[in-house]
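# Structural overview for review
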Amino acid sequence: MNTIQHYVLGQWTTANGSGTPTYDAVTGEFIAETSVEGLDIPAILHYGRTKGGEQLRKMTFQERGNRLKSLALYLNKRKEQFYDLSYRTGATRVDSWIDIEGGFGNLFANASLRKLFPNQPYHVEGDPIDLSRGGRFMAHHIMVPKKGVAIHINAFNFPIWGMLEKCAVNWMAGMPAVVLPAPSTSYLTEAVVREIIASNILPEGALQLICGTVTNIFDTVESQDVITFTGSAATGRKLKAHPRIIQEAVPFTMEADSLNASILGADAVPGTPEFDLFINQARSEITVKAGQKCTAIRRMIVPENLMDDVQNALAKSLDKVTIGDPRLKEVRMGALVSKHQVEVLKGRVNELAQHSQIVYGGDWDAVSLVGADTQGAFVAPVVLRQDRPFEHTAVHEIEAFGPVSTLMPYKNLDEAIELAQMGKGSLVSSIVTNSDDIAKDYVVNAASHHGRILVLNRENAKQSTGHGSPLPLLVHGGPGRAGGGEEMGGVRGIKHYMQRCAIQGSPTTLTEITGIYQANAKYKEVDQHPFQYHWEDIQPGMSLKTHKRTITDTDIINFANLTWDHFYAHTDITSLDGSIFEKRTAHGYFILSAAAGLFVYPNKGPVAANYGLEECRFLRPLYHNDTVYVRLTCKQKIERDVASAEHPSGIVKWFVEVFDSEGELVAVATILTMVQKKQTVFVEMTTEKIQACLDKLTEASQPKWGILTAQHLIEHLEEGYRIMSGEKQDFEIATPEKILDKVHHSLYNYEPFPKGTAFPTMKKGELEDLIHPDLATAKAKFWEAREAYVNFFKQNPEAVMKNMVFGHLNRYESYLLERKHLNHHFEQFGVL
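Residues numbered from 1 in each chain as written. Predicted model: local features only at pLDDT ≥ 70, side-chain atom pairs only at ≥ 80, totals over all residues. Heavy atoms only, no water.

## A word on the environment of H396
Mapped onto the fold, H396 is located in the loop between strand 17 (382-385) and strand 18 (404-410). Along the primary structure H396 and N260 are separated by 136 residues, whereas in three dimensions their C-alpha atoms are 9.4 Å apart. Apart from the residues within four sequence positions on either side, H396 is in contact with L259, R299, P389, M408, L419, M422 and G423. (Helix = DSSP H or I, 4+ residues; strand = E, 2+ residues; numbered from the N terminus. Contact = heavy atoms within 4.5 Å.)

## Thoughts on the sheet that holds strand 12 (residues 261-264)
Taken in spatial order, the 7 strands line up as 15-17-18-13-12-19-20 in an open sheet, and their pairing is mixed. What marks the edges here is a single partner per strand, and that holds for strand 15 (357-360) and strand 20 (453-456). Mean inter-strand twist for the sheet, computed between neighbouring axes without regard to direction, equals 25°. Packing of helix 13 (residues 436-446) onto the sheet brings it into contact with strand 12, strand 19 (429-432) and strand 20, and relative to strand 20 it is tilted by some 175°. (Pairing = 2+ DSSP bridges. Axes fitted to C-alpha atoms, helices over the stretch in contact; angles between N-to-C directions.)

## A few points about the packing of aromatic side chains
Enumeration according to the criterion identifies 22 aromatic pairs in this entry. Residues F531 and W654 carry aromatic rings whose centres are separated by 5.3 Å and whose planes lie at 55° to one another, so their mutual orientation is tilted. Here F531 is found in the loop between strand 24 (524-525) and strand 25 (542-545), whereas its partner W654 is found in strand 29 (residues 649-660), with 123 residues between them in sequence. Residue F531 is classed as buried on the basis of its relative accessible area, which comes to 6%. Aromatic pair F782 and W783: ring centres 5.4 Å apart, planes at 80°, arrangement edge-to-face. Residue F782 is classed as buried on the basis of its relative accessible area of 0%. Cluster of aromatic residues (ring-pair linked, three or more members): Y721, F782, W783, Y789, F792 and F793. (Phe/Tyr/Trp six-rings, centres within 6.5 Å; stacked < 30°, edge-to-face > 60°. Buried < 20%, exposed > 50% of the residue type's maximum accessible area, 1.4 Å probe, protein only.)

## A look at the pairing of strand 29
Counted residue by residue, strand 29 has 12 buried out of 12 residues, so it is predominantly covered. Because side chains alternate across strand 29, one face comprises the buried residues S649, I651, K653, F655, E657 and F659, and the other comprises G650, V652, W654, V656, V658 and D660, equally buried. Taken together, the 10 bridges between strand 28 (residues 627-638) and strand 29 define a ladder with antiparallel strand orientation. Bridged to C634 within strand 29 is W654. Of the strand pairs in this sheet, strand 29 and strand 30 (residues 665-676) are connected by 11 bridges, and their pairing is antiparallel. Counterpart to F659 in the pairing with strand 30 is L665. Two successive antiparallel strands, strand 29 and strand 30, enclose a turn made up of 4 residues, where G663 displays a positive phi of approximately 80°.

Below, the structure is given as structure tokens:
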């Protein structure tokens, strides 16, 4: 008997006993069983808290984010195997794309959030708070990873997205996860988890998988754990009331199916783009994933005079939907996940039909199928009509989880808002209108009852992600029936898995705790100008006090003429009566410019560029003949991704304080600079160093990898120099144009060449014929070629030469290539 496995306690495990069978939604064929008998749930949770949690909590946000990015890239390369399995859930290619690549997109999106967090394992939230009026007692808030495990109980409709949209967030926060997918589609979740584990990208214990229904999962949860649930509101409420959850005050986030509503604006009459958008969106939300989405449109609320128009247009649109085998290109709607769900759906539709009229579909035995038969869990779309939605409220209470939606009228927008709110809370609502007044009225008055509202019109239609698409950087959740919880939401989502703690102390102490310089903290005086330090060596609190400068009347007039800023306080001293100014006043931006002139280090160094100005305050006017000096202090360091032709660098925020001659603070600003990181990977390839390496290279030298002999290596390096010097340029660039920039930019990073990379002219797995009679001759020719390369750029410093792999290289880029190339091969032969 084929049984779906679990990944727990660091290994793949098959549970004992017979379990619950799962079937192919399209063919009805048996797939596998799920069983949880014999699993040690308390041990699984403890393993996650300790083995996985300890490693994740030690990582910085940058390290966690980079792991997520690597995992997303890894999975994306293997995505086709998941599509093959996804078809068995009844999903079409488009349906599967939402689940598979939407899930991987969550990893990418959350990985990018690392840029918004400090380069440390915990987060500093908000602004500092002065508690003393004197600046010596203050407070701040930090957020640290919870020391528990995230338990995710997921629904059947999105077996990949449902897991990754949650796990991406808890991993970024530094928390491990135990995932419990719905049994009916857990085979697809299992396939993805197998690849995640095989990648070895995440630390062991960061992810555990239990495929099956576990009734005792909450019996040993602890206060540091976090529980999320996606499914029916009734089940969620039952789980949330578990005595252990209440006793331990365990955070419980519920995302429940809801009666989402879409409103057609009164202006969106037939013939307008908005009317067509409403119909197209309604059809899509009814048929995508066969309506099995917690965000699908269950209630269509339209002006009463347009009810027949909408009903007829929607019927014509649904007539074009082909149902059948989701593998076929012509099929637009697949199957429900199981025969059981078909029976549940029929029951819900029958309940709705007691007071509402079925105006489209509803004949369960008359489903026209393409490439499939009735062994699958197929149903046709159903549209109901309820003309008295204020009297017959079942339509606001009963959800048919499938390709079903109900049409209902409103007289005015207030009624539309009231009807939308009668669903008692939803994940999403939408309004289709080209009137910004209607949109504003609806959004402001309806937002209390919805987690997200889409305003759709002709302007955004082509770029809109649609009513039913939750996005990683937006909140997913809703009030009331929708569960009252929040998931995702960018930085907000990550914070759900962290503990917020208010910290109090002196500015100096809190500077050390937060890693951010706090005003009035002790300065860290340095031996040299702060701009002379590389990014790694700069620390918050590192400070420089500049010499002084007296601002003259001429300075102010010249600055006004240079900038054309002739504000009266700077240029017309006869107009100062009744103003806050006493005499000719220096421009605020002149004060900043003068401050920069005092603190900027003029020589070339690790500071690569001015990156911007974050905040600036002028506390009192400065007049001509006032004298100022500056205190420049490192405030914070921020990691930065580099994808262009520049060396690895980070951002440093500098706190600039401008004082007058009496020591009174007159202006403050935070400026940002781009600061290069140290290069500690490669040995500089001086003539002396190269000679020392070649002296160690003999005929008997063997490579650590690859098939090159010592002489093949030297001849290969000689050819490289002859290309860089321009002697050999009769070739085409081998790197494809679409990735050439990326390959070219890699010269600037501090990453070694990959081992085993073959040069384009080399035969795969074969050695080239040797050119020179022996190694000694090859070395002599090598030096001859290198000297020609050095002399070429001395005589032609602006030259740009073609390279077979990296494209066109200037003098500096040729130096970078030489350094990387020689380091790579000298390391290959162990002579470096």
